[in-house]
Amino acid sequence: MGRLGEGFGALVNNRWLVFVAAMWIQSCAGIGYLFGSISPVIKSSLSYNQRQVARLGVAKDLGDSVGFLAGSLCEVLPMWGALLVGALQNFVGYGWVWLVVTGRVPTLPLWAMCVLIFIGTNGETYFNTAALVSCVQNFPKSRGPVVGILKGFAGLGGAILTQIYAVIHSPDHANLIFMIAVGPTMVIIALMFIVRPVGGHRQVRPSDGRSFTFIYSVCLLLAAYLMGVMLVEDLVDLNQTVIMIFTAILFVLLLLPIVVPVSLTFLSDSRAPLQEPLLPAPQKQEASKSEQDGHEVIFSEVEEEKPKEVDLLPASERQKRIAQLQSKLFQAAAEGAVRVKRRKGPHRGEDFTLAQALIKADFWLIFFSLLLGSGSGLTVIDNLGQMSQSLGYDNAHIFVSMISIWNFLGRVGGGYFSEIIVKDHAYPRPVAMAAAQFIMAIGHVFLAMGWPGAMYIGTLLIGLGYGAHWAIMPAVASELFGLKKFGALYNFLTLANPAGSLVFSGVIASSIYDYEAEKQAHHHHHQHYHHHHPRSWGSIFSTVLAVDEPLKCEGSICFFLTSMIMSGLCVIAVVLSMILVYRTKIVYAHLYGKSRT
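Just so it is clear, the structure is predicted and the values come from calculations on it, not from any experiment.

A. Representation of the overall build of the chain in the model. Across its full length, the chain holds 24 helices and zero strands. Sorting the 597 residues of the chain into buried and exposed places 54% on the buried side. At a minimum sequence separation of 6, the contacts of the chain that also span at least 24 residues come to 83%. Only carbon and sulfur atoms are counted for the fraction: they give 68% of the accessible area of the chain, which is about 25,500 Å².

Below you can see the structure in the form of structure tokens.
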């Protein structure tokens, strides 16, 4: 029994268990992607028009991305505290929306609905920050894959929840809102004590490569499975039992990654040497951490001074040599023979605070590249319902689920390929971001043209490109600006998302859509229009459009101009990313050039 207890202790502190729990938490952090599925219910039960729904959408994106509070709380509170705050926000925000939509409490004005959706969706930022900060600290040497997989699960969340909802199978779509309020809250509360930094840099094993491969293959299997299930459910009317079986298999796939930490803890032979540092005394942990930080800093200081052959030595040897060089340097400096050059503030690749990062051009290049790239992708995600309707598809659910799956593959793939670029070629990671933005530019052109089937290809390309941004950007930020204040830096950069969506979706897309819809309304429903006119002044908000019926626009013309503008913006984003590549070549050569022997 003792051995089992000890094994269990090791399991709880295993960085792979933290990673798997973080994946599960992240699969609840994709609530924002379900907005496309719940907005029709809100729109019809509260009789909103497109512009008002777009405002709710912007509130949702703001909630999704304004993570300042989450970033700073994660530095103050323990991880479980931050997760609990997020779970409560999710529960209160969406729970109240559900009560309003089902008429259990009095209807609230639009601004209050926006606030509720903001609060509910803002819970995600806590899940995101806690999961990413814990795992990037636990896997400092594999940031690309870790970030890609975690952000990927956030992207899959929409498809997973839709599938679970299909089992409950209620004709009343308002129940989906109830599920969004309750489901994630329960999952987070169950897992909140597991996800935390556990000193993962001392748990490196030769089998790590295999573990990542296993988790990658589970991810791909999951995406392929969900895709297949979506298509089958879309094309065939299935009975309840089959849907139950599908969902059961989905849960099995979701639980599969737990095999990695369990087998590493209970089955691997290499337990003995690793057992001891798994549960270090807190002082020791701090010491080793600061010692490690010390080495990181030493690298960049001695980098210029060290002879070339040091690069070719094995790691332990290299540390020794660098330490020797270091002491020589200090001696020389003490004797006044060498003036050690100290620049004000950190160098790229060291730990920046947010204030220090904000005055760097590189930081703003990442920000604006992200704003244009992911902002235009988010516009498509938010308007998928209207886009598919205007092109004559009845069911927007399938596109919502598909873009969620492509988004997932983009994230996992973005993390994987950007890691290859960096590890094998020591080339700057942002080049992968430029590639993703180029793919998106093509996707937008497809959507603009509205050819038959273009909707499928457009969502494929945009989903992949948009997803890749979220795997690449956090890794780039952690490489250029360090891990210490990663939570704050990451949450500042995610602001680019709602900023883009606000301008593109809230201003450009919905205005063009409403303009085209009005033009069509004048053509078709001239009498109809006059008939409804007097009644509309009753509601304050409908004065925006002076029409009570939600306007619909048909044909590819509705989003043609919007999509062409988005395509142009993606091309500008490619240029920004390439400037960043050019500027950071030296940094990446320093960071990763050493590891190529």
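B. Fine view of the nonpolar core. Counting 124 residues, the largest nonpolar core has F19 and I149 as its most contacted members. The element best represented in this core is helix α17 (residues 361-390), accounting for twelve residues. Setting aside anything within four residues of it in sequence, one finds I149 in contact with F19, M23, F212, I215, Y216, C219 and V412. Counting residues in hydrophobic clusters, the runner-up holds 29 residues, among them L56, V97, C114 and I180.

C. Molecular detail of the packing of α17 against helix α20 (residues 454-481). Direction vectors running N to C along α17 and α20 enclose 150°, while the axes themselves pass 10 Å from each other. The angle between the axes of α17 and α20 places the two elements in the roughly antiparallel class. Considering the relative orientation of α17 and α20, their crossing is left-handed.

D. Inspection of the pattern of salt bridges at higher detail. As enumerated under the stated definition, the model contains six salt bridges in all. Between D208 and R15 there is a salt bridge, with its nearest N and O atoms 2.4 Å apart. In this pair, D208 sits in helix α10 (residues 208-235) while R15 sits in helix α2 (residues 15-26), placing the two residues 193 residues apart along the sequence. R15 matches D208 in its accessibility class, with the two residues each being buried. In this structure, the salt-bridge partner of K519 is E516, at a minimum N-O distance of 3.8 Å. Residue K519 and its partner E516 are both found in helix α22 (residues 496-524); the two are separated by three residues, about one turn of the helix.

E. Summary view of the side chain of S390. Following the sequence through the fold, S390 ends up in helix α17. Within the structure, S390 has its side chain in polar contact with the backbone oxygen of M387 (distance 2.8 Å). Apart from the residues lying within four places of it in its own chain, the contact partners of S390 are C553, E554, G555, C558 and F559.

F. View of the packing of helix α3 (residues 35-45) against helix α9 (residues 174-191). Running from N to C, α3 and α9 point in directions that differ by 125°, and their axes come no closer than 9 Å. Here α3 lies oblique to α9, going by the angle between them. By crossing handedness, the relation of α3 to α9 is classed as left-handed. Contacts between α3 and α9 involve S37, I38, V41 and I42 on the former and, on the latter, A174, L176, I177 and I180. A class-by-class count of the residues in the contact of α3 with α9 yields seven nonpolar, one polar and no charged.

G. How the structure looks around a nonpolar patch on the surface. Where nonpolar side chains cluster on the molecular surface, the patch consists of M449, W451, I557, F560, L561, M564 and I565 and spans about 590 Å² of accessible area. Top contributing element to the nonpolar patch by residue count: helix α24 (residues 557-593), with five residues. Residue placement: I565 occurs in helix α24.

H. How the structure looks around the packing of aromatic side chains. Tallied over the full model, the rule gives 25 aromatic pairs. A centroid spacing of 5.4 Å and a plane angle of 70° characterise the contact between W364 and F367, whose relative ring orientation is edge-to-face. Placement of both W364 and F367 in helix α17 is noted, with a separation of three residues, approximately one turn of the helix. Given the relative accessible area of 30%, W364 is considered partly exposed. Here F367 falls in the buried class, since its relative accessible area comes to 9%. Ring geometry for Y513 and F559: centres 5.5 Å apart, planes at 35°, overall tilted. Of this pair, Y513 sits in helix α22 while F559 sits in helix α24, and the two are 46 residues apart along the sequence. The burial state of Y513 is the same as that of F559; both residues are buried. An aromatic cluster is present here, built from F352, F363, W364, F367, F368, F481 and F492 joined pairwise through their rings.

I. Geometry of unusual backbone geometry. Despite not being glycine, S47 has its phi angle at roughly 40°, a positive value. Residue position: S47 is located in the loop between α3 and α4 (50-65). Assessed through its relative accessible area of 54%, S47 is described here as exposed. Its identity is not glycine, yet A426 carries a phi of approximately 50°, on the positive side. Of note, A426 is situated in the loop between α18 (397-425) and α19 (430-449).

J. Looking closely at α3. All of the buried residues along α3 are F35, S37, I38, S39, V41, I42 and K43. Considering only its buried residues, α3 is in contact with α4, α6 (79-101), α7 (110-138), α9, α17 and α18. After α3 finishes, the residue S47 shows a positive phi value of roughly 40°.

K. Here's a closer look at α19. The terminal C-alpha atoms of α19, which comprises 20 residues, lie 29 Å apart, in line with the 28 Å expected from a rise of 1.5 Å per residue. Among the residues of α19, those classed as buried are P430, A432, M433, A434, A436, Q437, M440, A441, G443, H444, L447 and A448. For α19, the elements touching its buried residues are α17, α18, α20 and α24. Downstream of α19 by one or two residues, G450 has phi in the positive range, about 60°.

L. Fine view of the environment of K585. Tracing the chain through its elements places K585 in helix α24. The exposure class of K585 is partly exposed, given its relative accessible area of 37%. Placed 159 residues apart in sequence, K585 and A426 show a C-alpha to C-alpha distance of 8.4 Å.

M. Highlighting the environment of L370. Looking at where L370 falls in the secondary structure, it is placed in helix α17. On the basis of relative accessible area, L370 is assigned to the buried category, the value being 0%. Not counting chain neighbours up to four residues away, the residues in contact with L370 comprise G375, H469, W470, M473, L493 and A496.

The rules we used
- Residues numbered from 1 in each chain as written.
- Predicted model: local features only at pLDDT ≥ 70, side-chain atom pairs only at ≥ 80, totals over all residues.
- Heavy atoms only, no water.
- Helix = DSSP H or I, 4+ residues; strand = E, 2+ residues; numbered from the N terminus.
- Buried < 20%, exposed > 50% of the residue type's maximum accessible area, 1.4 Å probe, protein only.
- Contact = heavy atoms within 4.5 Å.
- Areas by Shrake-Rupley, 256 points an atom, 1.4 Å probe, with all protein chains shown as cover.
- Core = buried A, V, L, I, M, F, W, Y, C linked by side-chain atoms within 4.5 Å.
- Axes fitted to C-alpha atoms, helices over the stretch in contact; angles between N-to-C directions.
- Parallel < 35°, antiparallel > 145°, perpendicular 65-115°, else oblique.
- Left-handed = near helix turned anticlockwise from the far one by under 90°.
- Salt bridge = Lys/Arg side-chain N within 4 Å of Asp/Glu carboxyl O.
- Polar contact = N/O pair within 3.5 Å; in protein donor to acceptor, adjacent residues only side chain to side chain.
- Nonpolar A, V, L, I, M, F, W, Y, C, P; charged D, E, K, R; others polar.
- Patch = residues over 30% accessible without salt bridge, like charges linked within 9 Å, V, L, I, M, F, W, Y side chains within 5 Å.
- Phe/Tyr/Trp six-rings, centres within 6.5 Å; stacked < 30°, edge-to-face > 60°.
- Expected span 1.5 Å × (residues − 1).

Just geometry here; none of it tells us what the structure is for.
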